[in-house]
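Spelled out from the first residue to the last, the chains are:
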Amino acid sequence: MNPAIPAINVDVAIIGGGIAGLWLLARLRERGYGVVLIEADRLGSGQTICAQGIIHGGAKYSLHGSLSDSAQAIAGMPARWWHCLSGAGEVDLREARLLADHQYLWATSAPSSRLTAFFASKLMQSRMEKVEKVADDLPATLQHPQFRGVAYRLDEPIVDVASVLTAFAHSYQDALLFSPEPISSAVNGTLTLHHPDRLPLTLLPACIVFTAGTGNTALPWAAQQLRPLHMVMARGVNLPGPLYAHCLGVSDTPRVTVTSHTDAEGRLIWYLGGGLAETGVKRNRGQQIQVARQELTVLLPWVDWTAVQFATFTVQRAEARQPGGVRPACFSLRREGRIIAAWPTKLALAPLLAEQLEQQVRTLAVQPQPLASCELADWPRPEIAISPWDREELAWS
Ligand SMILES: Cc1cc2nc3c(=O)[nH]c(=O)nc-3n(C[C@H](O)[C@H](O)[C@H](O)COP(=O)(O)OP(=O)(O)OC[C@H]3O[C@@H](n4cnc5c(N)ncnc54)[C@H](O)[C@@H]3O)c2cc1C
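Residues numbered from 1 in each chain as written. Predicted model: local features only at pLDDT ≥ 70, side-chain atom pairs only at ≥ 80, totals over all residues. Heavy atoms only, no water.

The next point concerns the packing of aromatic side chains. Scanning the entire structure with this criterion turns up five aromatic pairs. Measuring from ring centre to ring centre gives 4.9 Å for Trp-23 and Trp-81, while their planes differ by 55°; the resulting arrangement is tilted. A residue pair is termed long-range when its members are at least 10 positions apart, and Trp-23 in helix α1 (residues 19–30) and Trp-81 in helix α3 (residues 77–85) qualify at 58 residues. Of the two residues, Trp-23 and Trp-81, both sit in the buried class. Every member of this aromatic cluster is reached through a ring pair, and the members are Trp-23, Trp-81 and Phe-168. (Phe/Tyr/Trp six-rings, centres within 6.5 Å; stacked < 30°, edge-to-face > 60°. Helix = DSSP H or I, 4+ residues; strand = E, 2+ residues; numbered from the N terminus. Buried < 20%, exposed > 50% of the residue type's maximum accessible area, 1.4 Å probe, protein only.)

Here the focus is the pattern of salt bridges. Taken as a whole and judged by the stated rule, the model has 16 salt bridges. Residue Arg-80 pairs with Glu-90 through a salt bridge whose shortest N-O separation is 2.9 Å. In this pair, Arg-80 sits in helix α3 while Glu-90 sits in the loop between α3 and β3 (98–100), placing the two residues 10 residues apart along the sequence. Glu-319 is the salt-bridge partner of Arg-227, the closest N and O atoms lying 2.8 Å from each other. Here Glu-319 lies in strand β15 (residues 309–320) and Arg-227 lies in strand β11 (residues 224–235), a separation of 92 residues in the sequence. There is no split in this pair, since Arg-227 and Glu-319 are both buried. Taken together, the salt bridges that share partners define one network made up of Arg-27, Arg-31, Arg-80, Glu-90, Glu-355, Glu-358 and Arg-362. (Salt bridge = Lys/Arg side-chain N within 4 Å of Asp/Glu carboxyl O.)

The geometry of α1 relative to helix α8 (residues 350–363) is characterised by a closest axis approach of 9 Å and an angle of 55° between their N-to-C directions. In terms of orientation, α1 and α8 fall into the oblique class. In this structure, α1 meets α8 at a crossing whose hand is right-handed. Across from Ile-19, Ala-20, Trp-23, Leu-24, Arg-27 and Leu-28 in α1, the residues of α8 making contact are Ala-350, Pro-351, Leu-353, Ala-354, Glu-355, Leu-357 and Glu-358. In the contact of α1 with α8, the residues fall into 10 nonpolar, no polar and three charged. (Axes fitted to C-alpha atoms, helices over the stretch in contact; angles between N-to-C directions. Parallel < 35°, antiparallel > 145°, perpendicular 65-115°, else oblique. Left-handed = near helix turned anticlockwise from the far one by under 90°. Contact = heavy atoms within 4.5 Å. Nonpolar A, V, L, I, M, F, W, Y, C, P; charged D, E, K, R; others polar.)

Scanning all chains against the criterion turns up three cavities of 30 Å³ or more. Space inside the largest cavity adds up to approximately 50 Å³. (1 Å grid on protein atoms, 1.4 Å probe; cavity = no way out; pocket = protein on both sides within 12 Å on 5 of 7 lines; lining within 4 Å. Points joined across faces, edges and corners; volume = space filled by probe spheres on them.)

The full set close to the ligand counts 38 residues, and Glu-39, Gln-47, Thr-48, Ile-54 and Ile-183 are the nearest of them. Between a nitrogen atom of the ligand and a main-chain N or O atom of Gln-52, the distance comes to 3.0 Å. Within the complex, the protein chains bury 94% of what would otherwise be the 1,000 Å² of accessible surface of the ligand. Looking at the shell around the ligand residue by residue, the class counts come to 18 nonpolar, 15 polar and five charged. (Near = heavy atom within 4 Å. Polar contact = N/O pair within 3.5 Å; in protein donor to acceptor, adjacent residues only side chain to side chain. Areas by Shrake-Rupley, 256 points an atom, 1.4 Å probe, with all protein chains shown as cover.)

Our next topic: the environment of Ala-264. By secondary structure assignment, the location of Ala-264 is in the loop between β13 (256–262) and β14 (268–273). With relative accessibility at 67%, the residue Ala-264 sits in the exposed group. A C-alpha to C-alpha distance of 10.0 Å links Ala-264 and Arg-391, two positions 127 residues apart in sequence.

Take the nonpolar core next. Trp-23, Trp-81, Leu-93, Phe-168 and Met-233 are the most contacted members of the largest nonpolar core, which totals 66 residues. In this structure, Trp-23 is in contact with Trp-81, Cys-84, Glu-90, Val-91, Leu-93, Phe-168, Ala-350, Pro-351 and Ala-354, ignoring residues within four places of it in sequence. Grouped together as the second largest cluster of nonpolar side chains are 28 residues, Ala-245, Val-256, Leu-272 and Trp-305 included. (Core = buried A, V, L, I, M, F, W, Y, C linked by side-chain atoms within 4.5 Å.)

Looking at the element boundaries, Thr-48 is found in the loop between β2 (35–39) and α2 (69–74). Within the structure, the side chain of Thr-48 is placed 3.1 Å from the backbone nitrogen of Ile-19, a separation counted as a polar contact. Residues in contact with Thr-48, not counting those within four places in the same chain, are Gly-18, Ile-19, Val-161, Leu-165 and Leu-347.

A few words now on the sheet that holds strand β12 (residues 245–248). The strand order β5-β6-β4-β12-β13-β14-β11-β15 describes an open sheet built from eight strands, whose pairing is mixed. Of all strands in the sheet, those bounded by a partner on one side alone are β5 (128–131) and β15. Adjacent strand axes in the sheet meet at a mean angle of 25°, parallel and antiparallel pairs treated alike. Examined bridge by bridge, β12 and β13 share three bridges and lie antiparallel to one another. Of the residues in β13, the one forming a bridge with His-246 is Thr-257. (Pairing = 2+ DSSP bridges.)

Looking now at unusual backbone geometry. Its identity as a non-glycine residue notwithstanding, Thr-345 has a phi of 70°, on the positive side. Within the secondary structure, Thr-345 sits in the loop between β17 (339–343) and α8. Although it is not a glycine, Ala-365 adopts a positive phi angle of roughly 60°. Among the structural elements, Ala-365 can be located in the loop between α8 and α9 (374–377).

Let us now look at the packing of α1 against helix α5 (residues 161–172). At a minimum axis separation of 10 Å, α1 and α5 run at an interaxial angle of 35°. Helix-helix and strand crossings are classified by hand; for α1 and α5 the assignment is left-handed. Contacts between α1 and α5 pair Ile-19, Leu-22, Trp-23, Leu-25, Ala-26, Arg-29 and Glu-30 from the former with Val-164, Leu-165, Phe-168 and Tyr-172 from the latter. Considered class by class, the residues forming the contact of α1 with α5 number nine nonpolar, no polar and two charged.

Here's what the structure looks like:
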């Protein structure tokens, strides 16, 4: 401990500034807790900046024909995020950008694909509405005489993730602490922050919450699983305009999920996930691009894909370990003493996770006491992560 700077008492120290940590920070701050968030890299630099930004309402999890635990857990999330985006919710996300207020589920002409969509629509009823082919409601990309499928409109907004991170950073800047040496665990209940330009800073938190994504491996008692994705991005003047849609195949994972974004130079980017990204972990970059081209050519044959450029990258999803390594039905948390490890499982579930974490903090009898420390006031702040399509190291071809 540095003798020059006394240790600082805080109610809650959050380790990791992805969506889970930031939402918790906001929730606890609004309730008067003295809380800080420590980030070793840029905010959202793990999974959050790679998210497609879909605020799921459960349709994706109803594709196997029954209302799964996942679908029920996530059902209320679009409404909860809408409240926040309008400024009337538990956190103020008015500064965040909405990319689309709904997305589509699109079945090809294959009978199995149509049947999957039909059963999901019966389950989701009020939140999934069939779109007539003649109506302008069909996304522009699908308004083509060769389109033989069926489309449903889903009540699920898509947010620009970088702007969500920025909204949190602006509101809670004073509580964000950049410590490039990753926090591994608490020694005797204390945390020490390091920065090359500063003397080490010691915190004495009443409770520590790890929302560090893959960094939660620092806690040996919090068993974690990693599930990789091989994501694909496409850009070029031939892209037929923005599209936000799950395209169904025969399985209960969408064949491909498309969201649309704009890169730093103003170019349209199609960001492709779903089954393509899950099965793509077995393929190298070249193979993954070839499969993506083939998929798009089969699904949208009226688009000229020859001049479209592609790039890929892999990323790990970090979750609490499950039997068989399957995706958890909801968020997860584990506690040992006064240290909690948490995983939202989905961006969309961050509000629900924060609510549960607040209850845990209450259980630990932490009394809210606002922070008053000048050492924290001028400590360096983390920047916002760079969107995947703007990364310089990417090779487009
Ligand atoms: C490609 C992809 C697409 C997705 N799309 C969607 C979607 O459309 N909708 C949806 O609901 N969900 C989506 N998800 C899931 C969602 O992104 C994640 O569930 C969520 O972002 C996890 O957030 P997190 O805060 O737990 O972790 P992360 O976002 O990984 O954040 C962890 C943070 O902790 C920091 N950190 C790590 N270790 C340390 C340490 N030791 N000390 C200090 N800091 C540390 C990291 O730098 C990072 O900033 C997607 C996930 C992926 C990978």
